[in-house]
Amino acid sequence: MSSVANRAIVKKERLCDVVGRDLYRVNNKHGDKYNPFPPRKIVQWAEELVGQEFCYSLISNNCDHFVNELYYRVSCSHQLVYVGNITIGTPPQEFQVIFDTASSDLWVPSIFCTSPACSTHVRFRHLQSSTFWLTNKTFRITYGSGRMKGVVVYDTVRIGNLVSTDQPFGLSVKEYGFEGRAYDGILGLNYPNVSFSGAIPIFDKLKNQGAISEPVFAFYLSKDKREGSVVMFGGVDHRYYKGELNWVPLIQAGDWIVHMHSITIKRKVIACSDGCEALVDTGTTHIEGPGRLVSNIQKLIGARLRGSKVKVYCSVVNTLPSITFTINGVNYPVPARALILKDSRGHCYTTFKESKLSPSTETWILGDVFLRQYFSVYDRGNDRIGLAQAV
């Protein structure tokens, strides 16, 4: 396990009951004085107890931890990111990845990567795996946060107790922009058609081999940095949301993009006035949109550019009304306390950010700021997203 996981408190507890099975998770909490058992032993117990459908704990990393907890290897630019552990190879090697609904490829660093970003992350040692095999296919991916170049390879990949043998994935040989990140790689959960490597995504492979009974996965992103967030495969734990799930059809099968009616504050439309598109993205921290519209919202909030950051008086939290995103006839308000965040030095900043994308239609990215408020379900079988108030 990585240094973060090795020094985490690991507790086994009952979490889910999906499709008649008792499900468990490994709940990682920071610290080590309450860790009576080795993490790998707890994982082994959990794997013996769970069925095929399961809930998988994420570690919630916050920049305050990076300042105060010396065992973290990374720095943080005032953002909350969610990472979880997977293993690759035989015997298994563990990596921390972001589960990303905006991309489709799985990749981790290779031992051949000499980029500065790779030197601070766990790198896959392919010669130590008896189930590894190489191809001569290369690919490149550009994200909002950085870019990478890699080669397609095959090996056994495990997410909790789900096992995908001969899973194609990428090994990076060059990385740019990932320095100081809290994760080693990215695990994409989007449709196969947006894959840059051409490899079948791990969710599709698990679905095709019958490892999960329902083609759905879901996210609960905790608002409390001390509590584990959860990604669920093959079913939904209803205890993580209130009321009913509101189902939203995708604009078209092949991407987690839905139609959004408007963005309002006190019933006044401030963006998306003629309708727009919204990408529901677990791999993005902020709410992102077109630069002109984001600037208008920043002015309404009272935010000002200070250096490279858009800061705001912390007292705005007490007066700013919720900003409402209307999707498929349902209002999804996001309160000021979620839109204004405070860093470790006591400075406040907004969570709206100009998107680096330049699509032909107005497009917004609903990242973790939105998803901490709303439990989200991704239904590949019916090409739809379900949203409900998170607990």
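Anyway, here's the lowdown on the structure attached to this text. (Residues numbered from 1 in each chain as written. Predicted model: local features only at pLDDT ≥ 70, side-chain atom pairs only at ≥ 80, totals over all residues. Heavy atoms only, no water.)

What follows covers the sheet that holds strand 19 (residues 309-312). If you trace the four strands from one edge of the open sheet to the other, you get 18-19-23-22, paired in antiparallel fashion. On the outer flanks of this sheet lie strand 18 (304-306) and strand 22 (340-342), each paired with one strand and no other. The mean angle between the axes of side-by-side strands here comes to 50°, regardless of whether they run parallel or antiparallel. (Pairing = 2+ DSSP bridges. Helix = DSSP H or I, 4+ residues; strand = E, 2+ residues; numbered from the N terminus. Axes fitted to C-alpha atoms, helices over the stretch in contact; angles between N-to-C directions.)

Across the seven residues that make up strand 27 (residues 384-390), a large majority, five, are buried. With six bridges joining them, strand 13 (residues 241-249) and strand 27 adopt antiparallel strand pairing. Within strand 27, the residue paired with Lys242 across the bridge is Gln389. When strand 26 (residues 374-379) meets strand 27, the two strands line up antiparallel, connected through six bridges. Residue Phe375 lies in a different strand from strand 27, and its bridge partner there is Ala388. A loop of four residues connects strand 26 with strand 27, the two strands running antiparallel in sequence, and Asp383 in this loop sits at a positive phi of about 50°. (Buried < 20%, exposed > 50% of the residue type's maximum accessible area, 1.4 Å probe, protein only.)

Residue Pro91 follows Thr90 across a cis peptide bond; omega there is 0°. By the element assignment, Pro91 lies in the loop between strand 4 (81-88) and strand 5 (93-100). Even without a glycine there, the phi angle at Lys266 is positive, about 55°. If you trace the backbone, Lys266 turns up in the loop between strand 14 (257-265) and strand 15 (268-271). Take Lys266: its relative accessible area is 71%, and that puts it in the exposed class. Not every positive phi belongs to a glycine, and Cys272 is a case in point at roughly 55°.

Before going further, it helps to examine the pattern of salt bridges. Taken as a whole and judged by the stated rule, the model has three salt bridges. Across the pair Arg380 and Asp204 runs a salt bridge, and its minimum N-O distance is 2.6 Å. Of this pair, Arg380 sits in the loop between strand 26 and strand 27 while Asp204 sits in helix 5 (residues 202-208), and the two are 176 residues apart along the sequence. Where Asp237 meets Arg239, a salt bridge forms, and the shortest distance between an N and an O atom there is 3.3 Å. (Salt bridge = Lys/Arg side-chain N within 4 Å of Asp/Glu carboxyl O.)

Taken as a whole, helix 6 (residues 291-301) has its buried residues at Gly291, Leu293, Val294, Ile297, Gln298 and Ile301. Around the axis of helix 6, the buried residues are gathered within 165° of arc, so they sit on the same side. For helix 6, the exposed residues lying more than 90 degrees away from the buried face are Arg292, Lys299 and Leu300. Downstream of helix 6 by a residue or two, Gly302 has a phi angle that is positive, lying close to 95°. (Arc of directions from axis to C-beta.)

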